[in-house]
Structures are given as structure tokens and as C-alpha cells.
Amino acid sequence: MRRRDSQRKKVYLAEREAFDFLGLASCTPLEKPEIEKIVKAVVRTKKRKFGYLYQVTVAYPKNRNRATCWFRGPREIRISLPPWSRNKLFLCHELAHFLSGPQIGHHGKFVSNYIQLVRRFMGPETAKLLKTSFKKFRVKTKGGIE
Ligand SMILES: [Zn+2]
């Protein structure tokens, strides 16, 4: 049975608040080569952990309003990044979905993967800020479906 993704709204509110604090300097728009480089690095991380090479493609829609991470097949993932989401924070969000796997939604290990990716690509200060924001909005980091 699939659990309702009840934590999604809280995650969105918390990251929005963290994003506002970060300001433009930390969240400047990423160019496609920078995005692809980060995606490749995270694909390698997942390969080290699970032994499989996942195929992650990124779509750049001009006017879709949601950023998504879609599991098309067991090892085939498609991330869609509309213009507003082409920065490190929201890229880390979608890549946390990729690392956590399908059916996790915004629960459990999604949150810890998200914080870890932000620490890796944006630094410990930003990770701390996001963590504080998650705490404020009562986002749970444990107890998610594995
Ligand atoms: Zn999400």
C-alpha cells in the first residue's frame, strides 16, 4: 500500500523559507552543464551504494510549473526542471528523490538525503539552515517508508 505523501507541504514550506534566507548569491541560476555535472556526480554516488548505473536525464521545460523526478523504469529516471527550479537547492531536492527511490515521497530518508546533498553541494552552513527550517515546520527525518 502506498502511504499518502503527507509531508510534502511541510517540506515545501520549509525549503521556501530557507531559500528566502539564502538570497540570490547562494541560489544563482545554474547553467545546463553545471546541472549535468552535479547529476553525474550523484549518479556515481548511487552507483557506489547499489552497484547499478542509473540513467538520469534532465528535461528543461520552459513553462511547466512543477519540478519533478519521475521513475520511468527500474534504473531510468527523468528529472524535469522548469526555469525557477534551476538552482542548487531545488536540484538537490529532485536528486534526493532519485537517491531515495520511488514511493518514498517526502518522508524519512528523502529528508536526510536532501540535507546531505545540500551539505555536499552548497556547504555545511546552508545544510544547517535547511535543517533548522525543517525543524521549525516539524518535518520528520525518520519513520519514512524504506
Ligand atoms: Zn519533491
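Residues numbered from 1 in each chain as written. Predicted model: local features only at pLDDT ≥ 70, side-chain atom pairs only at ≥ 80, totals over all residues.

Novice: Could you clarify how one ought to interpret the overall build of the protein in this entry?
Specialist: What the protein contains, in helices and strands, is five helices and three strands. Tracing the protein from N to C terminus, the helices and strands come up as α-α-β-β-β-α-α-α. A globule of 146 residues ought to have a C-alpha radius of gyration of about 15 Å, and the protein, at 14 Å, matches this closely. Dimensions of the protein, computed from the C-alpha atoms along their principal axes, are close to 40 × 35 × 30 Å. In the protein, which comprises 146 residues, the share counted as buried stands at 29%. Sequence separation of at least 24 residues holds for 56% of the intrachain contacts in the protein that already meet a minimum separation of 6. (Helix = DSSP H or I, 4+ residues; strand = E, 2+ residues; numbered from the N terminus. Rg over C-alpha atoms; globule rule 2.2 N^0.38 Å. Buried ≥ 20, exposed ≤ 12 C-beta atoms within 10 Å, placed from the backbone. Contact = placed C-beta atoms within 7 Å.)

Novice: Teacher, can you tell me more about the packing of helix H4 (residues 109-122) against helix H5 (residues 124-136) here?
Specialist: To describe two helices that pack against each other, one gives the angle between their axes and the distance between the axes. For the pair H4 and H5, the least separation of the axes is 7 Å and the interaxial angle reads 150 degrees. Here H5 runs roughly antiparallel to H4, going by the angle between their axes. Listed contacts from H5 to Val111, Ile115, Val118, Arg119 and Met122 of H4 are Pro124, Thr126, Ala127, Leu130, Lys131 and Phe134. For the contact of H4 with H5, a count of residues per class yields eight nonpolar, one polar and two charged. (Axes fitted to C-alpha atoms, helices over the stretch in contact; angles between N-to-C directions. Parallel < 35°, antiparallel > 145°, perpendicular 65-115°, else oblique. Nonpolar A, V, L, I, M, F, W, Y, C, P; charged D, E, K, R; others polar.)

Novice: Even after reading the chapter, I still don't get the pairing of strand E3 (residues 76-80), so can you show me in this structure?
Specialist: Moving residue by residue along a regular strand, the side chains alternate between the two faces of the sheet. Of the two faces of E3, the one lined by Ile77 and Ile79 is fully buried and the one lined by Glu76, Arg78 and Ser80 carries no buried residue. Bridge count for strand E1 (residues 55-59) against E3 is five bridges, and the pairing is parallel. Among the inter-strand pairings, alanine 59 is bridged to a residue of E3, identified as serine 80. Taken together, the five bridges between strand E2 (residues 68-73) and E3 define a ladder with antiparallel strand orientation. Within the sheet, the bridge partner assigned to phenylalanine 71 lies in E3 and is isoleucine 77. (Pairing = 2+ DSSP bridges.)

Novice: Can you walk me through the nonpolar core in this structure?
Specialist: Within soluble globular proteins, side chains that are nonpolar tend to cluster in buried spots. Judged by nonpolar contacts, the single largest core of 26 residues is most densely connected at Cys92, Leu95, Ala96, Phe98, Tyr114, Leu117 and Val118. Counting residues per element, the ones that place at least two in this core are helix H1 (8-26), E3, helix H3 (88-100), H4 and H5. With seven residues, H3 is the single largest residue contributor to this core. Sequence-distant contacts of phenylalanine 98, that is, excluding residues within four places in its chain, are made with Val42, Val56, Cys69 and Ile77. (Core = buried A, V, L, I, M, F, W, Y, C linked by C-beta atoms within 7 Å.)

Novice: Explain the packing of H3 against H4 here, please?
Specialist: Interaxial distance between H3 and H4 falls to 8 Å at its minimum, and their mutual angle equals 135 degrees. Regarding the angle of H3 to H4, the classification is oblique. In terms of crossing hand, the pair formed by H3 and H4 is right-handed. Contact with H3, carried on its side by Lys88, Leu89, Cys92, His93, Leu95, Ala96, His97, Leu99 and Ser100, involves Lys109, Phe110, Asn113, Tyr114, Leu117, Val118, Phe121 and Met122 of H4 and no other residues of that element. Of the residues in the contact of H3 with H4, the class split is eleven nonpolar, four polar and two charged. (Left-handed = near helix turned anticlockwise from the far one by under 90°.)

Novice: What's the story with the sheet that holds E1 in this structure? I'm lost.
Specialist: Taken in spatial order, the three strands make up an open sheet running E1-E3-E2, and their pairing is mixed. At either end of the open sheet lies a strand with only one pairing partner, and these are E1 and E2. When the angles between neighbouring strand axes are averaged without regard to direction, this sheet yields 20 degrees. Against the sheet, H3 touches E1, E2 and E3, its axis set at about 30 degrees to E2.

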